[in-house]
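# Chains, contacts and geometry: an overview
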Amino acid sequence: MQKYLSIFAIAYKNHHVYLANILGMNMIFVLRVLVIITLYRAVFELSGGSGSIGGYSIEQLSWALIVTQVLVTSKPKTTSEISMEIKTGKIVTYFLNPISYIWFKFFEGFSQFLGNIIPGLIIGFIIGVLTLGVPHTSIAGVFGSLVLILWGMLVSFFGYMVVGLCAFFMEDIEVLRWIYSKFDMIFGGNILPIPFLPPLLQTFAFFSPFAAAGYTAGLVFVGFDAQKFSMFLLIQIVWIVIYILVCLWLYEFARRRLVVNGG
């Protein structure tokens, strides 16, 4: 366990050396949130400006957006890093490590994820209070959302790791990454609220890994329901297990057949 914690701590320190990158990321996050919340309000006013959409008010949908955007902008560039290490042959150096490449990349990347998301949540809460007012939540809502955020980080991380490991079998995974990210955008509530979608697509979204990666945490924050929380958490756990198993299988399958030529 000590070696895993060492990898986590070293990666965390290295990531925070480049403060300009962190500041730039948060500036992008602020601009995206402000623009999309303004768009939400415009759509809501055009629809009559009263009642709710899919059972959620504009404030609740906006808070869900903030949580989602925090996770989206905070995630590390796992896919591109893995792809580059495979294409350049650097991957073979990790075979000599005393721990699996999968878990090495996890502790390395998750430390960056966690380091990004903490200030992101603070900034997002401040923006939300200034633009939407104090959220109508509860202790259960706050605790439940934090639990779903943590598990959502794992869903997001291992999902993009699966895409990255496909570089073992494809010359260029950029198209695959682009497709996965667009599904993440549409069905993860990244821009368009999931309650805006037709009922069938809403069902697909909520059972997919995309909404589980962050959007459901935002909904629980502004409207805690024990039954929904349990369902969202179960969906996250299922997808985490699936993604981890796929990652391990892809890595072991490719490692046994990998041939690196060069000099």
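Residues numbered from 1 in each chain as written. Predicted model: local features only at pLDDT ≥ 70, side-chain atom pairs only at ≥ 80, totals over all residues. Heavy atoms only, no water.

## Describing the nonpolar core
Within soluble globular proteins, side chains that are nonpolar generally end up buried alongside one another. Selection rule: Side-chain atoms within 4.5 Å link the members of a nonpolar core, which is a set of buried Ala, Val, Leu, Ile, Met, Phe, Trp, Tyr and Cys residues. For every residue, the accessible area obtained with a 1.4 Å probe (protein chains only) is divided by the maximum for its type, and the residue is called buried under 20%, exposed over 50%, and partly exposed between those limits. Put simply, DSSP H or I for four residues or longer makes a helix, DSSP E for two residues or longer makes a strand, and each gets a number counted from the N terminus. Residue contacts follow a heavy-atom distance rule, with two residues in contact if any of their heavy atoms lie within 4.5 Å.
Within the largest apolar cluster, 72 residues are counted, with the highest numbers of intra-cluster contacts made by Phe158, Met161, Leu165 and Tyr215. Take this core: its biggest share by element is 12 residues, from helix α7 (residues 139–165). With sequence-adjacent residues up to four places away left out, Met161 is seen in contact with Thr78, Ile82, Ile102, Lys105, Phe106 and Cys247.

## Section: the layout of surface pockets
What counts here: A pocket here means an open set of points on a 1 Å grid, computed over the protein atoms alone, that has protein on both sides within 12 Å along at least five of seven lines. A cavity is instead a set of points where a 1.4 Å probe fits but cannot get out; residues with an atom within 4 Å of a point line either one. Grid points are joined across faces, edges and corners, and a volume is the space filled by probe spheres set on the points. Basically, the charged four are Asp, Glu, Lys and Arg, the nonpolar ten are Ala, Val, Leu, Ile, Met, Phe, Trp, Tyr, Cys and Pro, and anything else, Gly included, counts as polar.
In this structure, the second largest pocket encloses a volume near 220 Å³. In terms of lining residues, the second largest pocket is bounded by 14 residues, among which Val67, Leu121, Phe125, Ile149 and Phe221 are the most central. Listing elements by their share of the lining of the second largest pocket, those giving two or more residues are α3 (58–74), α6 (101–132) and α7. Considering every element that reaches the lining of the second largest pocket, the biggest residue donor is α6, with five residues. Considering only residue class, the lining of the second largest pocket consists of 11 nonpolar, three polar and no charged.

## Considering the environment of Gln69
What counts here: Polar contacts here mean pairs of N or O atoms no more than 3.5 Å apart (in protein, one a potential hydrogen donor and the other a potential acceptor; neighbouring residues in sequence count only if both atoms are side-chain atoms).
Its location among the elements puts Gln69 in helix α3. In this structure Gln69 comes out as buried when scored by relative accessible area, which is 0%. The spatial distance from the C-alpha of Gln69 to the C-alpha of Gly189 is 8.9 Å, given a sequence separation of 120 residues. In this view, Gln69 contacts Phe29, Arg32, Val33, Ile36 and Asn190; residues no more than four positions away in its chain are not counted. Only 3.2 Å separates the side chain of Gln69 from the side chain of Arg32, close enough to count as a polar contact. Reaching out from Gln69, the side chain makes a polar contact with the side chain of Asn190 at a distance of 2.4 Å.

## Looking at a nonpolar patch on the surface
Keep this limit in mind: Within this analysis, patches are made of residues with over 30% relative accessible area and no salt bridge. Like charges are joined at 9 Å or less; nonpolar side chains (Val, Leu, Ile, Met, Phe, Trp, Tyr) at 5 Å or less. Accessible areas in this description were obtained via Shrake-Rupley with a 1.4 Å probe; residue shielding takes into account the shown protein chains only. A pairing counts as a salt bridge when a side-chain nitrogen of Lys or Arg comes within 4 Å of a carboxyl oxygen of Asp or Glu.
Taken together, the side chains of Leu150, Trp151, Ile237, Val241 and Leu245 present a nonpolar region at the surface, about 420 Å² in accessible area. Contributing elements (two or more residues each) for the nonpolar patch: α7 and α12 (226–255). In terms of residues, the nonpolar patch owes the most to one element, α12, which gives three residues.

## Observations regarding the packing of aromatic side chains
How we decide: Pairing of aromatic rings covers Phe, Tyr and Trp, the last counted by its six-membered ring, and requires centre-to-centre distances within 6.5 Å; plane angles under 30 degrees mean stacked, over 60 mean edge-to-face, and any other angle means tilted.
Applying the stated criterion to the full structure yields 22 aromatic pairs. Arranged with centres 5.9 Å apart and planes meeting at 40°, the rings of Phe169 and Phe253 form a pair that is tilted. With Phe169 in the loop between α7 and α8 (174–187) and Phe253 in helix α12, this pair connects stretches of sequence that are 84 residues apart. A relative accessible area of 44% means that Phe169 is categorised as partly exposed. Classification of Phe253 by relative accessible area gives partly exposed; the value is 29%. Residues Phe187 and Phe204 carry aromatic rings whose centres are separated by 4.8 Å and whose planes lie at 75° to one another, so their mutual orientation is edge-to-face. Taken as a pair, Phe187 in helix α8 and Phe204 in helix α9 (residues 199–207) lie far apart in primary sequence, 17 residues in all. The buried category is assigned to Phe187, whose relative accessible area is 10%. Among the aromatic residues, those joined into a cluster by ring pairs are Trp103, Phe106, Phe107, Phe110, Phe113, Phe157 and Phe158.

## Regarding the environment of Ile237
Looking at where Ile237 falls in the secondary structure, it is placed in helix α12. Ile237 sits 82 residues away from Val155 along the chain, and the two C-alpha atoms are 8.2 Å apart.

## Remarks on the packing of α3 against helix α11 (residues 215–222)
This is how it is decided: Here an axis means a line fitted to C-alpha atoms, over the contact stretch when the element is a helix, while the angle between two N-to-C directions is reported on a 0 to 180 degree scale. Here the word oblique covers every angle except those under 35 degrees (roughly parallel), over 145 (roughly antiparallel) and from 65 to 115 (roughly perpendicular). Two helices that cross are described as forming a left-handed crossing if the nearer one is turned anticlockwise from the farther one by less than a right angle, and a right-handed crossing if clockwise.
Where α3 meets α11, the axes come as close as 7 Å, and the angle between the chain directions of the two elements is 135°. In terms of orientation, α3 lies oblique with respect to α11. When you trace α3 past α11, the crossing you get is right-handed. Facing Gln60, Leu61, Trp63, Ala64, Val67 and Thr68 of α3, the residues of α11 in contact are Tyr215, Ala217, Gly218, Leu219, Phe221 and Val222. Class assignment for the residues of the contact of α3 with α11 results in nine nonpolar, three polar and no charged.

## With respect to empty space enclosed by the protein
Across all of its chains, the model carries four cavities of 30 Å³ or more by this definition. By volume, the largest cavity is sized at about 80 Å³. For the lining of the largest cavity, the elements supplying multiple residues, two or more each, are α3 and α7. If one sorts the elements of the lining of the largest cavity by residue count, α3 sits on top with three residues. Split by residue class, the lining of the largest cavity holds five nonpolar, five polar and two charged.

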